[in-house]
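# Structural overview
As a plain string of letters, each chain reads:
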Amino acid sequence: MENYEKLEKIGEGMYGKVYKARDRRTGALVALKKIKIENEEEGIPATTLREVSLLQMLSKCIYFVRLLGVEHLHKNGKPALYLVFEYIDTDLRRFLDLSWPGLDNPLPQNTIKSFVYQLLKGVAHCHSHGVMHRDLKPQNLLVDWSKGLLKIADLGLGRAFTVPVKSYTHEVVTLWYRAPEILLGASHYSTPVDMWSVGCIFAELCRKTPLFPGNSELQQLLYIFRLLGTPNEQVWPGVTTLRDWHAYPQWRAHDIAQAVPGIEPSGVDLLDRMLQYNPANRISAKEALIHPYFDNLDKSQY
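Everything numeric here is computed off the predicted structure, so don't read it as measured data.

Here the focus is the packing of helix α3 (residues 109-128) against helix α5 (residues 192-207). Across the interface, α3 lies against α5 with an axial gap of 10 Å and an inter-helix angle of 170°. As far as their axial angle goes, α5 and α3 are roughly antiparallel. Here α3 contributes Ile-112, Phe-115, Val-116, Leu-119, Leu-120, Val-123 and His-127 to the contact with α5, which in turn contributes Asp-194, Met-195, Val-198, Ile-201, Phe-202, Leu-205 and Cys-206. Its residues assigned to classes, the contact of α3 with α5 shows 12 nonpolar, one polar and one charged.

Structure below.
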């Protein structure tokens, strides 16, 4: 660790602390993530090692924040694990606020298209390796301004990298991008949960405000039901048997195009396919990449 000079603490959660640091050998800025080790006598848990190896594999993709190294050391007889990532200072939330401030200042359609396409490339890469992210949101997507690149960070692979449960800021445990099957207490869910999150992020890029800004699980569900209609057994077989299902107010579905003004019809269609209630009907990342919405995007740059 003497190769790294810690500059400031930039985050903290259940997994440990994150520092902005400088690599003394190259002068490059890096992000150091210190992973908490629960049972110090037993050394590094196998689950953490497994997650690190997955992270190494996934971060070879340009749409993931790159893991540059893993430093394992003993300090005062205690084991410590640091993950060294490339440092990118702007997340998508900040990028939106700084580049195109104000609700009446929409993002250019091509920027939206490029960001959604890159996000789908990263999610498809993740899913092709059998990994769900489980916590996609604008704060977990980093933007490299100089290259116009969007990169996925904070892989929710398992305990070491899961979202902090303790709320450090309101948005750390935000429900806004959470799929309805998780909100309704499904015990089994899979990669479609990430596609729901992608849909919510896509809509937010178009609107400049969150699509479903609930501040409790119940309110979150009601926001969703009000726009998409209250689900039933016809549209989502098995929904009424989920653990947290109750008798909800009955709303009829609205035209989703009203929620995303200014977007072309093929974009509305793609969003509609991402926000299907039945996870089995939700479009996959791989299918989404060949959706007509991206037909006029210059894909050679990706």
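Side-chain pairs of opposite charge can arise where the charged atoms are in close proximity. Counted according to the given criterion, the structure contains 13 salt bridges. Ionic pairing is found between Lys-151 and Glu-86, a salt bridge with its closest N-O pair at 3.1 Å. Placement of Lys-151 in strand β7 (residues 149-152) and of Glu-86 in strand β5 (residues 78-86) is noted, with a sequence separation of 65 residues between them. Per residue, the accessibility class of Lys-151 equals that of Glu-86, and both read buried. Put simply, Glu-204 and Arg-93 hold a salt bridge, and the shortest N to O gap is 2.4 Å. Remark: Arg-93 occurs in helix α2 (residues 92-99) and Glu-204 occurs in helix α5; sequence separation between them is 111 residues. A relative accessible area of 1% places Glu-204 in the buried class. The class for Arg-93 is buried, based on a relative accessible area of 15%. In this structure, a network of salt bridges that share partners links the residues Arg-93, Asp-97 and Glu-204.

As a further point, take helix α7 (residues 265-274). Two residues of an α-helix separated by three or four positions point the same way, owing to the 3.6 residues in each turn. Every buried residue belonging to α7 is among Ser-266, Gly-267, Val-268, Leu-270, Leu-271 and Met-274, and all of these are buried. Looking at the packing, one finds that the buried side of α7 touches α3, α5 and α8 (285-289).

A word on the nonpolar core. Counting residues in hydrophobic clusters, the biggest one holds 71 residues, and the most contacted among them are Leu-120 and Phe-202. Two domains each provide a minimum of three residues to this core, namely domain 1 (4-86) and domain 2 (91-294). Once residues within four sequence positions are removed from consideration, Phe-202 is found in contact with Ile-112, Val-116, Ile-263, Gly-267, Leu-270, Leu-271, Met-274 and Tyr-293. Ranked by size, the runner-up nonpolar core spans 15 residues in total, among them Val-18, Ala-31, Leu-67 and Leu-83.

Rules and cut-offs
Residues numbered from 1 in each chain as written. Predicted model: local features only at pLDDT ≥ 70, side-chain atom pairs only at ≥ 80, totals over all residues. Heavy atoms only, no water. Axes fitted to C-alpha atoms, helices over the stretch in contact; angles between N-to-C directions. Helix = DSSP H or I, 4+ residues; strand = E, 2+ residues; numbered from the N terminus. Parallel < 35°, antiparallel > 145°, perpendicular 65-115°, else oblique. Contact = heavy atoms within 4.5 Å. Nonpolar A, V, L, I, M, F, W, Y, C, P; charged D, E, K, R; others polar. Salt bridge = Lys/Arg side-chain N within 4 Å of Asp/Glu carboxyl O. Buried < 20%, exposed > 50% of the residue type's maximum accessible area, 1.4 Å probe, protein only. Core = buried A, V, L, I, M, F, W, Y, C linked by side-chain atoms within 4.5 Å. Domains from an automatic or database assignment.

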